[in-house]
Amino acid sequence: MPTETDGKTMMLIDEDEALIAAALKGSAYAWEKLVKRYEGRVYNYGLRLTGNSTDAMDLMQEVFLGIYRNLHRFRGDAQFSSWIYRIAHNKAVDMNRRKRLFTAPPKSADQPAVSEFDQFPSEPAYQPDVRASQGQTNQQIQKMLSKLSMDQRLIVELKIYQSQTFEEIAEIQEISINTAKTRFYSALKKLKIVLEEDHVLF
Amino acid sequence: MSCSKTQHVLVEYFADDLALIAKKELENHLVECPFCSSELELLLNTQNKLGRWEEESVPHWNRGLALFRQEHRIAEPGRGFWYRWQWIPTVASFAMLCLLLFNVSLSSDDGGIKISFGTDQPRLNIESYLAGFEQQQHEAMENLAIRVEDRQDANNLRLMQAVLDQAQEATAQSLDQMAGYFEQQRQLDIQDFQVGYQELADSDYETIRSLQQLATFISYQETVD
């Protein structure tokens, strides 16, 4: 039966690989340290993508459950953070699809086609669970992002917040590099218009 | 005002690896075309705005530890009594309580250290002390009662004296007043008396005069006759 690794020894281990190895051997301490290291990034990713903390927490929990289930598959050929973001991306797409299945009203024929990614709450400021302490800037950014389609939101996330190259984005989103570039430009242009409309100039 | 190249130029501007020639071409166009350059500025502003995201802290959650432990069959830490020496304060408190309850005393002399539980005649000592204390209390109470009574008597005497003094003073005052009143009345009576006497004397004098006149008249008549 696996045993809890001694905390003092684990304090010295700082590398992701070592923590992953220890967690795979059953060290709850290593697992907790690993989660603590990345939970902030995943949670903020969720906040930007979903626009509210409840969904961001749900997404974060699903992401870490996915990480836990697939930890043994991580080969170390990519950065652990990239691997986590890949899982987060897939979970976000899944979650969005599921929400659409369960909550979307039936579309009538004359309604314009809505992207399947547009189902996350669109007005974070009106969500009852909007965090009281949330910064003004973050609220503005969430409001701006809520005007984008999920595809656009994801590409802004990948490009601006995760500093991915268009090549990597193209691979993640399974599109061509040119499409990725054009999609990013369209997203930025739309956000620019939103900013102009809201007079949230700075 | 618009430019047909705007989309192409700006899409390429954000590309990761632009060839040097293409980059030069792009920059030249931006210098020449005010529309494209102002569009680019607005897009960069937007990008900057997005970059101002402030990292928010994660609300409390269990980090999947329950599941982790369940799957790895690890006992929940922190639950057991013996975990991380947390039993030490409890044991220390219990030990202190025992020291107090059993009246443990430590003493050292030439023979070594002596630990004793309780004292030699604790109960007897306490009982005699209690009896002495009761006696003392009783005496103190009696003394106190006597002093209170004495003080009460003295107070009563002083009060009666004061009342009598006041009564005497009042009587003397009223007697003086009465004497004054009688004296005044007497004076008034004397005055009245004198006036009455004078009046009486006057009327007597009148009577004598009229008698004298009558006598004179009578003697005149006799003379005439």
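Residues numbered from 1 in each chain as written. Chains lettered and ligands numbered in written order. Predicted model: local features only at pLDDT ≥ 70, side-chain atom pairs only at ≥ 80, totals over all residues. Heavy atoms only, no water.

Time to look at the overall build of chain B. Summing up its helical and strand segments, chain B has 6 helices and 2 strands in all. Along the chain direction, N to C, the helices and strands of chain B fall in the order α-α-α-α-α-β-β-α. In chain B, buried positions account for 13% of the 225 residues. Put simply, 36% of the contacts in chain B that link residues at least 6 apart link residues at least 24 apart. For chain B, the accessible surface area stands at approximately 19,200 Å², while carbon and sulfur atoms represent 57% of it. (Helix = DSSP H or I, 4+ residues; strand = E, 2+ residues; numbered from the N terminus. Buried < 20%, exposed > 50% of the residue type's maximum accessible area, 1.4 Å probe, protein only. Contact = heavy atoms within 4.5 Å. Areas by Shrake-Rupley, 256 points an atom, 1.4 Å probe, with all protein chains shown as cover.)

Within chain A, the regular secondary structure consists of 9 helices and 0 strands. Along the chain direction, N to C, the helices and strands of chain A fall in the order α-α-α-α-α-α-α-α-α. The contacts in chain A between residues at least 6 apart in sequence include a share of 55% that link residues at least 24 apart.

Residues and elements named next belong to chain B. The element strand β1 (residues 104-109) is largely exposed, with a buried count of 0 among its 6 residues. Two elements, β1 and strand β2 (residues 112-117), share 6 bridges in a ladder whose sense is antiparallel. Directly across from Leu 106, in β2, lies its bridge partner Ile 115. Two successive antiparallel strands, β1 and β2, enclose a turn made up of 2 residues. (Pairing = 2+ DSSP bridges.)

Within the structure shown, the criterion is met by 12 salt bridges over all chains. In this structure, B:Glu55 engages A:Arg48 in a salt bridge whose closest nitrogen and oxygen atoms are separated by 3.9 Å. Of this pair, B:Glu55 sits in the loop between α3 (34-51) and α4 (65-72) while A:Arg48 sits in helix α3 (residues 28-50), placing the two residues on different chains. The class of A:Arg48 is buried, set by a relative accessible area of 5%. Its salt-bridge partner being A:Glu62, residue A:Arg98 comes within 2.6 Å of it at the nearest N-O pair. Of the two residues, A:Arg98 sits in helix α5 (residues 80-103) while A:Glu62 sits in helix α4 (residues 53-70), which places them 36 residues apart along the sequence. Residue A:Arg98 is classed as partly exposed on the basis of its relative accessible area of 33%. (Salt bridge = Lys/Arg side-chain N within 4 Å of Asp/Glu carboxyl O.)

The subject of this paragraph is the confidence of the model for chain A. All names here are of chain A. Considering every residue of chain A, the mean pLDDT works out to 79; 74% of them sit at 70 or more. Here residues 1-12 scores under 50 on pLDDT; set against residues more than four positions off or in separate chains, the count is 19 contacts. The model gives residues 104-116 a pLDDT under 50, and that stretch makes 7 contacts with residues more than four places away or in other chains. (pLDDT = per-residue confidence, 0-100.)

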